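Report on the structure
Each chain, letter by letter, is given below.
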Amino acid sequence: QVQLTESGGGLVQAGGSLRLSCAASGRTFRTYFMGWFRQVPGKVREFVAAISWSGGSTYYAPSVKGRFTISRDNGKNTMYLQMASLKSEDTAVYYCAADPNPKGVAYSYEYDYWGQGTQVTVSS
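The sections below set out a description of the structure shown in this document.

What counts, and at which threshold
Residues numbered from 1 in each chain as written. Predicted model: local features only at pLDDT ≥ 70, side-chain atom pairs only at ≥ 80, totals over all residues. Heavy atoms only, no water. Helix = DSSP H or I, 4+ residues; strand = E, 2+ residues; numbered from the N terminus. Salt bridge = Lys/Arg side-chain N within 4 Å of Asp/Glu carboxyl O. Buried < 20%, exposed > 50% of the residue type's maximum accessible area, 1.4 Å probe, protein only. Disulfide = S-S within 2.5 Å. Core = buried A, V, L, I, M, F, W, Y, C linked by side-chain atoms within 4.5 Å. Contact = heavy atoms within 4.5 Å. Pairing = 2+ DSSP bridges. Axes fitted to C-alpha atoms, helices over the stretch in contact; angles between N-to-C directions.

The next thing to look at is unusual backbone geometry. If you check the backbone angles, Asn-77 has positive phi at about 55 degrees while not being a glycine. Along the chain, the position of Asn-77 falls in the loop between β7 (68-73) and β8 (78-83). Residues other than glycine seldom take positive phi values, yet Ser-85 does so here, at roughly 50 degrees. Looking at where Ser-85 falls in the secondary structure, it is placed in the loop between β8 and β9 (92-99).

Structure representation (structure tokens):
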């Protein structure tokens, strides 16, 4: 089992940057495939990015590819999401998620563990 805690959210102007962090408890962080999702009220939770156990493979939603970078530091039990060129449509609550072996990395139901979320607001 793993507990996840997001941080780094806040208010930023359009075009700006922000880095989110997801800290994981326990010693088995490296055995979890990790992902970032986001959600706005009234809409389904949306895939943002995912990263494999060692960090060797990364996956991005088309809407963020080229602007966001996902990474992880297994020595620090932490995953990151570097967000650049932010747009108003990036405004959402961002969640990190973990699963030992998700069958489909972009599907929220494939992930067993979730953080509480951190709000990102991009003002235009």
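What follows covers the pattern of salt bridges. All told, the structure shown has 3 salt bridges when counted by the stated rule. Of the charged contacts, one joins Glu-46 and Arg-38 as a salt bridge, the two residues approaching to 2.7 Å between their closest N and O atoms. Note on Glu-46: relative accessible area 35%, which makes it partly exposed. Among the salt bridges present, the one from Asp-90 reaches Arg-67, with a minimum N-O distance of 2.8 Å.

With that settled, the discussion passes to the state of the cysteines. With the rule as written, the count across this model stands at 1 disulfide. What pairs with Cys-22 in a disulfide is Cys-96, and their sulfur atoms sit 2.1 Å apart. One disulfide, between Cys-22 and Cys-96, carries an S-S torsion of 60 degrees and so falls in the right-handed class. A residue pair is termed long-range when its members are at least 10 positions apart, and Cys-22 in strand β3 (residues 18-24) and Cys-96 in strand β9 qualify at 74 residues. The two residues Cys-22 and Cys-96 agree in class, both being buried.

A separate point is the nonpolar core. Core analysis: the biggest nonpolar cluster contains 35 residues, and Met-34, Trp-36, Met-79, Leu-81, Met-83 and Tyr-94 have the highest contact counts within it. Secondary structure elements with two or more residues in this core: β3, β4 (33-39), β5 (46-51), β7, β8, β9 and β11 (118-123). Ignoring anything within four residues of it in the chain, the contact list for Met-79 reads Leu-20, Ser-21, Cys-22, Phe-29, Met-34, Gly-35, Trp-36, Ile-51, Ile-70, Ser-71, Arg-72 and Cys-96.

The sheet built from 4 strands is open, its strands ordered β1-β3-β8-β7 with antiparallel pairing. The sheet terminates laterally at β1 (4-7) and β7, the two strands that pair on one side only. Sheet twist, expressed as the average angle between the axes of neighbouring strands with direction ignored, equals 15 degrees. Bridging between β3 and β8 involves 6 bridges; their strand directions are antiparallel. Paired with Ser-21 across the bridge in β8 is Tyr-80.

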